[in-house]
Amino acid sequence: MCGIVGFIGNEQAAPILLEGLSRLEYRGYDSAGVAVFDGETGTLAVHKAKGRLQVLSDQLHGGADLNSTVGVGHTRWATHGAPSDVNSHPQVSRSGRIAVVHNGIIENYAELKAFLVAQGVPFTSETDTEVVAQLIEYFYEGDLLAAVSRVLHRIEGAYALGILCADCPEQIIAVRKDGPLILGYSQEGSFIASDVTAILRHTRQVSYMEDGEVAVLTRDGIRCYNRLMQPVEKEIVTVDWEINDAEKGGYEHFMFKEIMEQPDAIRRCISPRIREGEVVFEDFSLSENFIKAMRRIYIVACGSSYHVGMVGKYHLERLTRIPVEVALGSEFRYMDPIVDENTLVIVISQSGETLDTMAALREARRLGGHILSIVNVVGSSIARESDQVLYTWAGPEIAVATTKAYSTQLALLSLLSLWLARQLNTVPEKDYRAMLSAFQELPGKMEEVLSHRDSIQYFAAQYFNHNSIFFIGRNLDYALGLEGSLKLKEISYIHSEAYASGELKHGTISLIEDGTLVVALGTYGTLFAKAMSNVVEVKARGADVLALTTANHREEMSHTADAVMVIPDIHDLLLPSLGVVPLQLFAYYVALMRGCDIDKPRNLAKSVTVE
Ligand code: M6R
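The structure reproduced in this document is the subject of the present report. Owing to the predicted nature of the structure, the values given are computational and were not obtained by experimental measurement.

Not every one of the 14 residues close to the ligand is listed here, only the nearest: S305, S349, S351, T354 and E490. Within the contact set of the ligand, a nitrogen atom lies 3.1 Å away from a backbone nitrogen or oxygen of V400. Contact with the protein chains covers 90% of the free accessible surface of the ligand, which is 410 Å². When each cavity is represented as a set of grid points, the ligand is found to reside in the largest pocket. Of all elements in the fold, only α9 (303-320) and α16 (476-492) reach the threshold of two or more residues within the shell around the ligand.

Okay, structure coming up:
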């Protein structure tokens, strides 16, 4: 969603802002803009353009045209008002002396706008953000911080703000409430950014703003205040991501690069957590009493992270015999969930900023649950608000379609299931050992699947023209199908559905006709015979069947399915971890053949920070 970058220092600001915004493009946006202070005229120079950031960058010759060392920039993902030059940010006050960039939604903007209009303030855009700029000017009496503080008492909603004022060009004000914003410290000057990738080229020294905090950035440093405007000391941490991790490194698409990075990401995530034949979580523990008293587990997440939870439910229930419920982040608050102090709530999120998931976390905490999150982005909001965090250590994931984050989340949740079972004594020693060695084999087997990617590309070439595709499977394969289907539809725009195979006959089978493509998942050996029956069933109704199975079952499947994708045999626990790789590749190649914008699919954002 919207991206914010701000800089004040000793270098020309506009090129830094534009380069930073280019690093935030992956979040999803439809227009871009910058505002810098022009020392010669004593005014703010604001430039905005609908469409790709490149349009704006070309207009400004990469920023060379704007001679200034202080400014804010923004990529907008439209909520209030269509994508257009006028609705792009920065939004300015009526005099043009205050500029605001904003990520989030001002929920009471209509009421505030009505108030300002009644005072004679003219509005030019349809955005909620313009209200903030106009309101700051309304309250401004020579002290910008005081005016911002008065505004913060009046606005409701979720926001990260960057504020620039022509009367105080030696500062930028930043505000955060329920929207990500980090502060960056360097010899060059001071930075704000929606995420660390935007400023990695300049600094790795960052601090994370807390909800309700206000920061004043100057050339020499950053001062921070809490919601009572009392000064606060921020902890400065060193980020260990490399700038190369956030670049394509010769690959055509981030998504493909990230698919190929999965074996290494899994090694980073899992290897340090298996030591001397035991699962060891140095970064996390649950007391023996809590584990014994635990009556229920909730897994809460959105999108692909939710699909990880769907697999996790099978693993956790099988291994621990504790009932597990998987809930969508966006539904959790409204379902009157049964959570108490004996409930473990596992929150899964790559970005750690998904607003729906965050709201679910807060509801679970309110009800007394113990919150353990599985997160990729270190220091993100969800990580900071959880009782405990397990980081996936997948490195920056830039493509909107998640791949390596999904895989590391899944591997980590599988490992957690095994660890819990060990604590509860519900897993026989022999099985425990077998599962542990399967984890060690996983990266190598993933590499094997990736090395056969040409065959997946071949199948994609056969089927990329289909307009509707069904993914079917049972149990683990059903959960896997959910992810395979989402991956395909989000980047190729092909309508696709995932069904539990047994449900077909309750309605969906009426949609199967000559030439319908069915991706039949039959990796789970225990239910392979059932998977075969479903393949026969859809074949009999004219479907083309592309199957996915393990080496063991390849031959049998080949007799019935039209084409077969194969993964090496591995312990059931890790079948979905291996099975997802061909499905990611299939989605990628299909989207490639259809000429889609793979890394930035239409209407989607990487980090969904609105409800
Ligand atoms: O950052 P999160 O894991 O909380 O994001 C959740 C979903 O928005 C995300 O998984 C989304 O479904 C991806 N685009 C799927 O590829």
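Continuing now.
Spatially, β3-β2-β4-β1-β10-β9-β11-β15 is the arrangement adopted by the 8 strands of the open sheet, whose pairing is antiparallel. Strand pairing shows two members of the sheet lacking a second neighbour, β3 (43-50) and β15 (237-238), which therefore form its edges. Pairing of strand β9 (residues 182-186) with strand β11 (residues 205-208), which is carried by 4 bridges, proceeds in the antiparallel orientation. By the bridge assignment, I182 is partnered in β11 with Y208.

Let us now look at the layout of surface pockets. Each pocket or cavity is described by its volume, and for the largest pocket that value is around 520 Å³. Lining the largest pocket are 24 residues, with C302, G303, S304, K606 and V608 sitting closest to its centre. Take the lining of the largest pocket: its biggest share by element is 5 residues, from α9. Taken together, the residues of the lining of the largest pocket sort by class into 9 nonpolar, 11 polar and 4 charged. In this model, the second largest pocket occupies a volume close to 420 Å³. Around the second largest pocket sit 30 residues that line it, and D195, V196, W241, V377 and V378 are the ones nearest its centre.

Once that is clear, we can look at helix α17 (residues 528-540). Over its 13 residues, α17 extends 18 Å from the first C-alpha to the last, a length consistent with the 18 Å expected when each residue adds 1.5 Å. For α17, the complete set of buried residues consists of F528, A531, M532, N534, V535 and V538. Down the axis of α17, the buried set is contained in an arc of 160 degrees. They therefore lie on one face. Of the exposed residues in α17, those oriented more than 90 degrees away from the buried face are A529 and A540.

When two helices pack together, their arrangement is given by the angle between the helix axes and by the axis-to-axis distance. The interhelical angle for the contact between α9 and helix α13 (residues 404-424), taken along N-to-C directions, is 20 degrees, at an axis separation of 9 Å. Accordingly, the angle class assigned to the pair α9 and α13 is roughly parallel. The two elements α9 and α13 meet at a crossing, and its hand is right-handed. Taking contact as the criterion, the partners of S304, S305, H307, V308, G309, V311, G312, H315, L316, L319 and T320 in α9 are, on α13, Y406, Q409, L410, L413, S414, S417, L418, L420, A421 and L424. Of the residues assigned to the contact of α9 with α13, the class counts are 11 nonpolar, 10 polar and no charged.

This part is about the packing of aromatic side chains. Any pair of aromatic rings gets described here by the distance separating the centres and the angle formed by the planes. One pass over the full model with this rule turns up 13 aromatic pairs. Here F256 and Y588 contribute two aromatic rings whose centre-to-centre distance is 5.1 Å and whose plane-to-plane angle is 25 degrees, an arrangement assigned as stacked. Here the residue F256 occupies a position in helix α6 (residues 254-260), and Y588 occupies one in helix α19 (residues 575-593), the gap between them amounting to 332 residues. As far as the burial class goes, F256 and Y588 line up, both buried. Each residue in the set Y251, F256, Y588 and Y589 is aromatic and connected to the rest through ring pairs, giving one cluster. The aromatic ring of Y432 is capped on one face by R422, whose charged end is 3.9 Å from the ring centroid. Here the basic side chain of R602 rests over the ring of Y493, its NZ or CZ set 3.8 Å away from the ring centre.

Cut-offs used in this document
Residues numbered from 1 in each chain as written. Predicted model: local features only at pLDDT ≥ 70, side-chain atom pairs only at ≥ 80, totals over all residues. Heavy atoms only, no water. Near = heavy atom within 4 Å. Polar contact = N/O pair within 3.5 Å; in protein donor to acceptor, adjacent residues only side chain to side chain. Areas by Shrake-Rupley, 256 points an atom, 1.4 Å probe, with all protein chains shown as cover. 1 Å grid on protein atoms, 1.4 Å probe; cavity = no way out; pocket = protein on both sides within 12 Å on 5 of 7 lines; lining within 4 Å. Sits in = over half its atoms within 2 Å of the grid points. Helix = DSSP H or I, 4+ residues; strand = E, 2+ residues; numbered from the N terminus. Pairing = 2+ DSSP bridges. Points joined across faces, edges and corners; volume = space filled by probe spheres on them. Nonpolar A, V, L, I, M, F, W, Y, C, P; charged D, E, K, R; others polar. Expected span 1.5 Å × (residues − 1). Buried < 20%, exposed > 50% of the residue type's maximum accessible area, 1.4 Å probe, protein only. Arc of directions from axis to C-beta. Axes fitted to C-alpha atoms, helices over the stretch in contact; angles between N-to-C directions. Parallel < 35°, antiparallel > 145°, perpendicular 65-115°, else oblique. Left-handed = near helix turned anticlockwise from the far one by under 90°. Contact = heavy atoms within 4.5 Å. Phe/Tyr/Trp six-rings, centres within 6.5 Å; stacked < 30°, edge-to-face > 60°. Lys NZ or Arg CZ within 6 Å of the ring centre and 35° of its normal.

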